[in-house]
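The lines below spell out each chain.
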Amino acid sequence: MLTFAETYRRYMEATEMKDRARDSYEHLWKRIEPELGHCFVEEVDTSALDDFKLSLPRRLGPKTVNQHLILIRAVLRFAWK
């Protein structure tokens, strides 16, 4: 069983993306890793995502929150495939 952090590392190694997108994902990952990085992929479920969203600073707008969720979804899809 892989942790979410290890799955993220594998996703970033396997994915070809522009440097700007990679930098953006690395920036988002700084907020995701402390909350979800230690979890096994199977443990990242709706309740874990709800807790993650509550941990984000209130000043973040809906678009920024969605960008975090998009990255989480991409890593989970990568793990699933």
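Structure shown above.
Since this is a predicted model, take the numbers as computed values, not measurements.

### Digging into the environment of isoleucine 32
Working step 1: Turning to its location among the elements, isoleucine 32 is positioned in helix α2 (residues 19–36).
Working step 2: A relative accessible area of 0% places isoleucine 32 in the buried class.
Working step 3: Taking the C-alpha atoms as reference points, isoleucine 32 and leucine 69, 37 residues apart in sequence, are found 9.3 Å from one another.
Working step 4: Sequence-distant contacts of isoleucine 32, that is, excluding residues within four places in its chain, are made with Phe4, Gly37, Phe52, His68, Leu71 and Ile72.

### Some thoughts on the packing of helix α1 (residues 4–14) against helix α4 (residues 62–80)
Working step 1: At a minimum axis distance of 9 Å, the contact between α1 and α4 shows a crossing angle of 85 degrees. Classed by the angle they form, the pair α1 and α4 counts as roughly perpendicular. The segment α1 lies against α4, with Phe4, Thr7, Tyr8, Arg10, Tyr11 and Ala14 engaging Leu71, Ile72, Ala74, Val75, Leu76, Phe78 and Ala79.
Working step 2: Looking at the contact of α1 with α4, its residues break down into 11 nonpolar, 1 polar and 1 charged.

### Brief notes about the pattern of salt bridges
Two side chains of opposite charge can pair, provided their charged atoms sit close to one another.
Working step 1: Applying the stated criterion across every chain yields a total of 3 salt bridges.
Working step 2: Between arginine 10 and glutamate 6 there is a salt bridge, with its nearest N and O atoms 3.3 Å apart. Placement of both arginine 10 and glutamate 6 in helix α1 is noted, with a separation of 4 residues, approximately one turn of the helix.
Working step 3: Its relative accessible area of 27% is what places glutamate 6 among the partly exposed residues.
Working step 4: The salt bridge partner of aspartate 50 is lysine 53, with a shortest N-O separation of 3.9 Å.

### A few points about the side chain of threonine 7
Working step 1: Summarising the element assignment, threonine 7 is placed in helix α1.
Working step 2: For threonine 7, the residues in contact, after removing those within four places along its chain, are Leu2, Val41, Val75, Phe78 and Ala79.

### A word on the nonpolar core
Working step 1: Ranked by internal contacts, the top residues of the largest apolar core, which has 22 residues, are Phe4, Tyr11, Tyr25, Ile32 and Leu71.
Working step 2: Contributing elements (two or more residues each) for this core: α1, α2, α3 (46–55) and α4.
Working step 3: Once residues lying within four places of it in the same chain are set aside, the contact partners of tyrosine 25 are Tyr8, Tyr11, Met12, Met17, Ile70 and Leu71.

### A short note on α4
Working step 1: Taking 1.5 Å of rise per residue, the 19 residues of α4 would be expected to cover 27 Å, and the 26 Å separating its terminal C-alpha atoms lies within 8% of that figure.
Working step 2: Taken together, the buried positions of α4 are Val65, His68, Leu71, Ile72, Ala74 and Val75.
Working step 3: Where the residues of α4 are buried, they touch α1, α2 and α3.

Each value, and the rule that gives it
- Residues numbered from 1 in each chain as written.
- Predicted model: local features only at pLDDT ≥ 70, side-chain atom pairs only at ≥ 80, totals over all residues.
- Heavy atoms only, no water.
- Helix = DSSP H or I, 4+ residues; strand = E, 2+ residues; numbered from the N terminus.
- Buried < 20%, exposed > 50% of the residue type's maximum accessible area, 1.4 Å probe, protein only.
- Contact = heavy atoms within 4.5 Å.
- Axes fitted to C-alpha atoms, helices over the stretch in contact; angles between N-to-C directions.
- Parallel < 35°, antiparallel > 145°, perpendicular 65-115°, else oblique.
- Nonpolar A, V, L, I, M, F, W, Y, C, P; charged D, E, K, R; others polar.
- Salt bridge = Lys/Arg side-chain N within 4 Å of Asp/Glu carboxyl O.
- Core = buried A, V, L, I, M, F, W, Y, C linked by side-chain atoms within 4.5 Å.
- Expected span 1.5 Å × (residues − 1).

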